[in-house]
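Descriptive analysis of the structure
Each chain, letter by letter, is given below.
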Amino acid sequence: MEKKHNKYRITLEHLHSPKDLGLNETIDFEFENHDEIFSIIERIKANNPFENENQATEFALGLKLFSEVMIKNRNHELFEELMPAFGSFMKKLKASVKEGNS
């Protein structure tokens, strides 16, 4: 049976601290997402919403990590007020990405 989700691994490595605290922390974790995140990152980068390719990647990745947790926990009281606004935001984002690639 084929899984319904894509599986990813993220490795986040601390490279520098302005206070030079000597932090060399790394976190590595795996997660599943219903979307193909690499294609979403490419579409948002192509739309260039922030005129900075790194920020477009940060935005896309952060949004997909956050939204998947919210979807999996949609009945959690923490997301109660956010869900309607987030739905509107996602519709607006999807429309702008489609327009940007036309």
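How each quantity is defined
Residues numbered from 1 in each chain as written. Predicted model: local features only at pLDDT ≥ 70, side-chain atom pairs only at ≥ 80, totals over all residues. Heavy atoms only, no water. Helix = DSSP H or I, 4+ residues; strand = E, 2+ residues; numbered from the N terminus. Rg over C-alpha atoms; globule rule 2.2 N^0.38 Å. Buried < 20%, exposed > 50% of the residue type's maximum accessible area, 1.4 Å probe, protein only. Contact = heavy atoms within 4.5 Å. Areas by Shrake-Rupley, 256 points an atom, 1.4 Å probe, with all protein chains shown as cover. Polar contact = N/O pair within 3.5 Å; in protein donor to acceptor, adjacent residues only side chain to side chain. pLDDT = per-residue confidence, 0-100. Expected span 1.5 Å × (residues − 1). Arc of directions from axis to C-beta.

Turning next to the overall build of the protein chain. A count of helices and strands for the protein chain gives 3 helices and 2 strands. What you see for the protein chain is a C-alpha radius of gyration of 16 Å, clearly larger than the 13 Å of a compact globule of 102 residues, by over 25%. Dimensions of the protein chain, computed from the C-alpha atoms along their principal axes, are close to 45 × 35 × 35 Å. Expressed as a percentage of its 102 residues, the buried residues of the protein chain come to 21%. Excluding contacts between residues fewer than 6 apart, the proportion of contacts in the protein chain whose partners are at least 24 apart in sequence is 49%. Surface summary for the protein chain: the accessible area is close to 8,300 Å², and the carbon and sulfur share equals 53%.

The subject of this paragraph is the side chain of Asn33. Relative to the helices and strands, Asn33 resides in strand E2 (residues 26-33). Classification of Asn33 by relative accessible area gives buried; the value is 0%. Among the polar contacts made by the side chain of Asn33, one reaches the main-chain carbonyl oxygen of Lys64 at a distance of 3.2 Å. Apart from residues no more than four positions distant in its own chain, Asn33 is found in contact with His5, Asn6, Tyr8, Lys64 and Glu68.

Before going further, it helps to examine the environment of Glu68. With respect to the helices, strands and loops of the structure, Glu68 is situated in helix H2 (residues 53-72). Apart from residues no more than four positions distant in its own chain, Glu68 is found in contact with His5, Glu32, Asn33 and His34. A polar atom in the side chain of Glu68 sits 3.5 Å from the side chain of Asn33.

Where the residue is not glycine, phi is negative for most of them; where a peptide bond is considered, it is trans in most cases. At Asn48, a residue that is not glycine, the phi angle is positive and equals roughly 50°. Tracing the backbone shows Asn48 in the loop between helix H1 (37-47) and H2.

The next thing to look at is the confidence of the model for the protein chain. Looking at the protein chain, the pLDDT average stands at 88 and 91% of residues meet or exceed 70. Mean pLDDT values for the elements of the protein chain range from 86 in helix H3 (residues 82-100) up to 96 in strand E1 (residues 6-13).

The next thing to look at is H2. Since there are 3.6 residues in each turn of an α-helix, residues three or four apart along the chain are aligned in direction. Under the 1.5 Å per step criterion, the end-to-end length of H2 is 29 Å for 20 residues, consistent within 8% with the ideal 28 Å. Listing the buried residues of H2 in full gives Ala56, Ala60, Leu63, Lys64, Ser67, Glu68 and Met70. Taken down its axis, H2 places every buried residue within 160° of arc, on the same side. Turned more than 90 degrees away from the buried face of H2, the exposed residues are Asn54 and Glu58. The residue sitting at the N-terminus of H2 and contributing the capping side-chain oxygen is Asn52; that oxygen lies 2.9 Å from the backbone nitrogen of Asn54.

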